[in-house]
Amino acid sequence: MDLEETFRRSLYTSYGENKCILLPKDEYIKIVGELLEATQAPKKSPRQFYLLKKYELLQCGDVQKLIRKKPNQEHPLHFATIEETFDIIKRAHIATGHGGRDKMIKEINKKYANITQDAITVFKSMCIECQRKRKRTTTKGIVVKPILSKDFSSRAQVDLIDMQSMCHGQHKWIMVYQDHLTKFCILRPLTSKHASEVAYQLLDIYLLQGAPSILQSDNGSEFTAQVITELKQMWPDLFIVHGKPRHPQSQGSVDTANCGIKDMLIAWMTHGTGLLDSISHPNPVEAEPVPVSPISIRQEEIRLQRESARDAQFQQAERMVKRSRIVFSSVQIKSNVTVPIPSVDRGRADPRNIIGVVTECSDNELYTIAVKGGILDRK
Ligand SMILES: [Zn+2]
């Protein structure tokens, strides 16, 4: 079924609720006829009064067109039939350069009287070009496989915060190193985002608190791999692997933390308020306890705290999966989906999403998606 046909059908489905706005073609022709009759009728019926009040006829060559009756208007507002609507919206959409809903409404309202907002939204959702460049308002909830860490230092994440717009001396980047289980977080200023500098700072941290088994980063697997290679050169015995490049699941907390850290630092730099006060809880959104471990706290207490952090993480993972089930109702096999292309893998002019087809669904609701280039290896 082609787009226009699908679009028309959806308009006819909503026709029931919008009887006085939408006009099927035969209805349009009928009204034109009735109007002609009404203008000539010596004694007018209520229906004829109604029609004369609402519509006016405009002679275009040998065709009669329905326009909205309004005194002294410059441009006539045409009534469009359901059959014409697709072309009208398409023209406006192209004219506005694949414009958004509001742009299109503005364009269309110059000429037409009865194109509904819903119709425009439906059209927009069908435009392939727009689907591909569509921005996602939120990535929260694209949760399918939460990561659970067993212990402190089993998994850690390193991210860079871009501070180039307000650099401090030579330092333009902030490195955020966060342990995945305890959310214990260490900040380091960087002068560049070279892997070697990151590795140097990481080595310093590892010599202090031990190295994690898995290192992951928001900045892409290539970056992480480079950092790890650099680390290995400095510390040949170090054994470390890189985790999945970008994990929306684990990312949630780290992202919020990074935003928080940046905001706090900016506030601190401009107002000079106490840094330590603000930074001791960089992640107030999450419910997990943040165990701080001064030397005096006994091993047992640390163990208990980590236990509870683990529990909390598990609970959160369950919550995330639950929420994702609600937000993303399960997708039918063979239906079309858009898969976001991560910003790291995408050139400036590339579309934001790639369109794929769901080919298979496994038991734990992971989908296999086929795209033009083949089947995506991550579910
Ligand atoms: Zn478009």
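Further up the page is the structure itself.
Here the structure is a predicted model, which means the values were calculated and not measured.

Caption draft 1: Fine view of the overall build of the protein chain. Of the regular secondary structure elements, the protein chain holds 12 helices and 11 strands. Every one of the 379 residues in the protein chain was classed for burial, and the buried ones make up 18%. Considering only residue pairs separated by 6 or more positions, the protein chain has 58% of its internal contacts joining residues 24 or more positions apart.

Caption draft 2: Focus on the environment of aspartate 151. Along the chain, aspartate 151 falls in the loop between helix H7 (128-133) and strand E3 (155-162). As for aspartate 151 and histidine 180, which are separated by 29 residues in sequence, their C-alpha atoms are 8.8 Å apart. Setting aside residues no more than four positions away along its own chain, aspartate 151 makes contact with Leu181 and Arg306.

Caption draft 3: Representation of the pairing of strand E6 (residues 214-217). Of the pairings in the sheet, the one linking E3 to E6 comprises four bridges and is parallel in character. From the neighbouring strand, arginine 155 faces E6, where its bridge partner is isoleucine 214. Inspection of the sheet shows E6 paired to strand E7 (residues 241-242) by two bridges, in the parallel sense. Note on E7: the bridge partner recorded for isoleucine 214 is valine 241.

Caption draft 4: Quick look at helix H4 (residues 82-95). Here H4 contains 14 residues, and its C-alpha end-to-end distance of 20 Å stays within 8% of the 20 Å for a straight helix at 1.5 Å per residue. All buried positions along H4 are accounted for by Ile82, Thr85, Phe86, Ile89, Ala92 and His93. Down the axis of H4, the smallest arc covering the buried residues is 140 degrees, so these residues share one side. Turned more than 90 degrees away from the buried face of H4 sit Asp87 and Ile94, all of them exposed. Buried residues along H4 sit against helix H1 (3-15), helix H2 (25-40), helix H5 (101-109) and helix H6 (117-126).

Caption draft 5: Local environment of unusual backbone geometry. Phi angles above zero are rare outside glycine, and histidine 98 is one such case at about 50 degrees. Counting through the fold element by element, histidine 98 comes out in the loop between H4 and H5. Taking the C-beta count within 10 Å as the criterion, histidine 98 has 14 such neighbours and is therefore assigned partly exposed.

Caption draft 6: How the structure looks around the nonpolar core. Counting residues in each nonpolar core, the largest one holds 20 residues, and the members touching the most others are Ile89, Ile115, Ala119 and Ile120. Secondary-structure elements contributing two or more residues to this core are H1, H4, H5 and H6. Setting aside its immediate chain neighbours within four residues, isoleucine 115 contacts Ala80, Thr85, Ile88, Ile89, Ile108 and Ile120. Counting residues in hydrophobic clusters, the runner-up holds 15 residues, among them Tyr177, Leu215, Phe223 and Val227.

Caption draft 7: Region of interest: the sheet that holds E6. Ordered in space as E5-E4-E3-E6-E7, the five strands form an open sheet in which the pairing is mixed. Each end of this open sheet is capped by a strand with a single partner; those strands are strand E5 (185-190) and E7. Pairing of E3 with strand E4 (residues 173-179), which is carried by seven bridges, proceeds in the antiparallel orientation. Residue pairing across strands places valine 158 opposite tyrosine 177, the latter belonging to E4. Where helix H8 (residues 195-209) meets the sheet, its contacts fall on E3, E4 and E5, and the angle it forms with E5 comes to roughly 140 degrees. Along the sheet, helix H9 (residues 221-234) contacts E6 and E7; its crossing angle with E6, the most-contacted strand, is approximately 135 degrees.

What counts, and at which threshold
- Residues numbered from 1 in each chain as written.
- Predicted model: local features only at pLDDT ≥ 70, side-chain atom pairs only at ≥ 80, totals over all residues.
- Helix = DSSP H or I, 4+ residues; strand = E, 2+ residues; numbered from the N terminus.
- Buried ≥ 20, exposed ≤ 12 C-beta atoms within 10 Å, placed from the backbone.
- Contact = placed C-beta atoms within 7 Å.
- Pairing = 2+ DSSP bridges.
- Expected span 1.5 Å × (residues − 1).
- Arc of directions from axis to C-beta.
- Core = buried A, V, L, I, M, F, W, Y, C linked by C-beta atoms within 7 Å.
- Axes fitted to C-alpha atoms, helices over the stretch in contact; angles between N-to-C directions.

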